[in-house]
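# Observations on the three-dimensional arrangement
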Amino acid sequence: MMRRVDKAVASVVEDVANSLLKEAMEYADAVLVEELAAARQAEVERFAAAEAERERVIAEAERRRAREAQRAADAAKAPARAETASSAAARELDAHGGAGMCWNLRAILAVLTPFKDAGGKCFQVGDHLSALCAYRAAIERGSAPELRAWPPVESLLLACHANAALCLLRLDRPSDAVAE
C-alpha cells in the first residue's frame, strides 16, 4: 500500500511540477513577447527619429541651395545695377562741371562705389571674372589724377586694385596679379 501511496504522491508531485513548469514557460514566453514588442517599438521610434532628422537635413540643404541661387542671381544683376547707378552718378557729376570742377566727394564716390560693391557680390558667389571686370571698371573711372587727389577716392581705388589682384589669383593668373 505504501508503494501505491508513494506512486500516487509522486504522480501528484510530477503533475504539480509539470503544471508549474508549464506556467513558468508561459510566463517566460509572455515576458519575452513583451520584451520583443518593446524592443520593436524602440526600433520603430529610432527609425522615425532618424527619418525626421534626414528630412530636416534635406530641407535645410534645399533652403541653403535656394539662398545660394538667390545670391548668385543677385550677383549676376550687380554689374548692370552698378552701371546704372554709376551712369546716374556720372550725369550728376557732369551737371556740377565734371570731376575736375566738382567738390562734392559724395558725387565722386557715387560713381565708383557701385562697381566696387558689384565686384564684392560677384566675388562672394565665386564669379571671379565678373568681379574682376567690376573692380577694373571702378579703377578706370577713378583713374583721373584730379580724382585720385581725394584720399577717400584713393583708398577706394587701392581696395579695388587689391581685390582685382585677388580675383586674378583665383583665376590662376599670378603674374597678372603681381602687375595689378
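Scroll up for the structure.
Here's a quick rundown of the structure. Since we're looking at a predicted model, the values are computed, not measured.

## Regarding the overall build of the protein chain
- Per the secondary structure count, the protein chain includes 6 helices and 0 strands.
- Along the chain direction, N to C, the helices and strands of the protein chain fall in the order α-α-α-α-α-α.
- Put simply, the protein chain has 180 residues, and 22% of those count as buried.
- Sequence separation of 24 or more characterises 58% of the internal contacts of the protein chain that already satisfy a separation of 6 or more.
- With the model as given, the accessible surface of the protein chain reaches about 12,300 Å², and the carbon-plus-sulfur share is 60%.

## Side note on a nonpolar patch on the surface
- There is a patch of nonpolar side chains on the surface, built from Val12, Val16 and Leu20 and spanning about 260 Å² of accessible area.
- Turning to its location among the elements, Leu20 is positioned in helix 1 (residues 2-95).

## A closer look at helix 2 (residues 105-124)
- Taking 1.5 Å of rise per residue, 20 residues should cover 28 Å, and helix 2 covers 28 Å from first to last C-alpha, within 8% of that figure.
- The axis of helix 2 is deflected most strongly, by about 35 degrees, at Val111, and proline Pro114 appears within four residues downstream.
- Considered for burial, the residues of helix 2 that qualify are Ala107, Ile108, Val111, Leu112, Pro114, Phe115, Ala118, Gly119 and Cys122.

## Considering the pattern of salt bridges
- Using the criterion set out here, one finds 7 salt bridges in the structure.
- Across the salt bridge formed by Arg56 and Glu53, the nearest N and O atoms sit 2.7 Å from each other. Separated by 3 residues within a single helix, Arg56 and Glu53 lie in helix 1, roughly one turn from each other.
- The partly exposed category is assigned to Glu53, whose relative accessible area is 39%.
- In this structure, Glu60 engages Arg63 in a salt bridge whose closest nitrogen and oxygen atoms are separated by 2.8 Å.

## A short note on the environment of Ala131
- Structurally, the position occupied by Ala131 is in helix 3 (residues 128-141).
- Residue class for Ala131 comes out buried when judged on its relative accessible area of 0%.
- When the C-alpha atoms of Ala131 and Ala76 are compared, they prove to be 10.0 Å apart, with 55 residues separating the residues in sequence.
- Beyond its immediate stretch of four places on either side in the chain, Ala131 contacts Gly119, Cys122, Phe123 and Cys167.

## Focus on the nonpolar core
- One finds Leu112, Tyr135, Val153 and Cys160 to be the most contacted residues of the largest nonpolar core, which totals 23 residues.
- Elements with a minimum of two residues in this core: helix 2, helix 3 and helix 5 (151-170).
- Per-element tally for this core: the top contributor is helix 5, with 8 residues.

## Some remarks on the environment of Lys121
- By the element assignment, Lys121 lies in helix 2.
- When the C-alpha positions of Lys121 and Ala134 are compared, they lie 10.0 Å apart, and in sequence the two are 13 residues distant.
- Lys121 has contacts with Ala75, Ala78 and Arg81, leaving out every residue within four places of it along the chain.

## Some words on helix 5
- Between its terminal C-alpha atoms helix 5 stretches 29 Å, which fits the 28 Å expected from 20 residues at 1.5 Å a residue.
- Taken residue by residue, helix 5 has Val153, Leu156, Leu157, Cys160, His161, Ala164, Ala165, Cys167 and Leu168 as its buried positions.
- At its buried positions, helix 5 is contacted by helix 2, helix 3, helix 4 (145-148) and helix 6 (174-179).
- Phi for Asp172, located one or two positions after helix 5, is positive at around 60 degrees.

## A short note on the packing of helix 2 against helix 5
- Here helix 2 crosses helix 5 at 20 degrees, and the two axes come no closer than 10 Å. Between helix 2 and helix 5, the angle is such that the two are roughly parallel. Regarding helix 2 and helix 5, the two cross each other, and that crossing is left-handed. Along its contact with helix 2, which presents Leu105, Ile108, Leu109, Leu112, Thr113, Lys116 and Phe123, the element helix 5 presents Pro152, Val153, Leu156, Leu157, Ala159, Cys160, Leu166, Cys167 and Arg170.

Rules used throughout
The residue count restarts for each chain, going from 1 along the sequence in the order it is written. At least 70 in pLDDT is required for a residue's local features to be given in this predicted model, at least 80 for side-chain atom pairs to be given and counted, and no such filter applies to totals for whole chains, interfaces and linings, which use all residues. Calculated side-chain values reflect all of the structure's heavy atoms, with hydrogen atoms and water omitted. In this description a helix means any DSSP run of H or I spanning at least four residues, a strand means any run of E spanning at least two, and both kinds are numbered starting from the N terminus. Burial classification: accessible surface area is computed with a 1.4 Å probe over protein chains only, and a residue below 20% of its type maximum counts as buried, one above 50% as exposed, and the rest as partly exposed. Pairs of residues are marked as contacts when any of their non-hydrogen atoms sit within 4.5 Å. Per-residue and other accessible areas follow the Shrake-Rupley method at a 1.4 Å probe size, with only the shown protein chains counted as cover for residues. Here the term patch refers to residues with relative accessible area over 30% and no salt bridge, with like charges joined within 9 Å and nonpolar side chains (Val, Leu, Ile, Met, Phe, Trp, Tyr) within 5 Å. A side-chain nitrogen of Lys or Arg and a carboxyl oxygen of Asp or Glu constitute a salt bridge if their distance falls within 4 Å. Expected span, for any helix, means 1.5 Å times one less than how many residues it has. The quantity called bend is, for any residue, the angle between two axes fitted respectively to the seven residues ending at it and the seven beginning at it. Nonpolar cores are built from buried Ala, Val, Leu, Ile, Met, Phe, Trp, Tyr and Cys residues. Side-chain atoms within 4.5 Å join them into one set. Working convention: axes come from line fits to C-alpha atoms, limited for helices to the stretch in contact. Angles between N-to-C directions cover 0 to 180 degrees. An angle below 35 degrees is treated as roughly parallel, one above 145 as roughly antiparallel, one from 65 to 115 as roughly perpendicular, and anything else as oblique. Note on convention: near helix rotated counterclockwise from far helix by under a right angle means a left-handed crossing. Clockwise means right-handed.

Without other data, these values stay purely geometric and don't point to any function.
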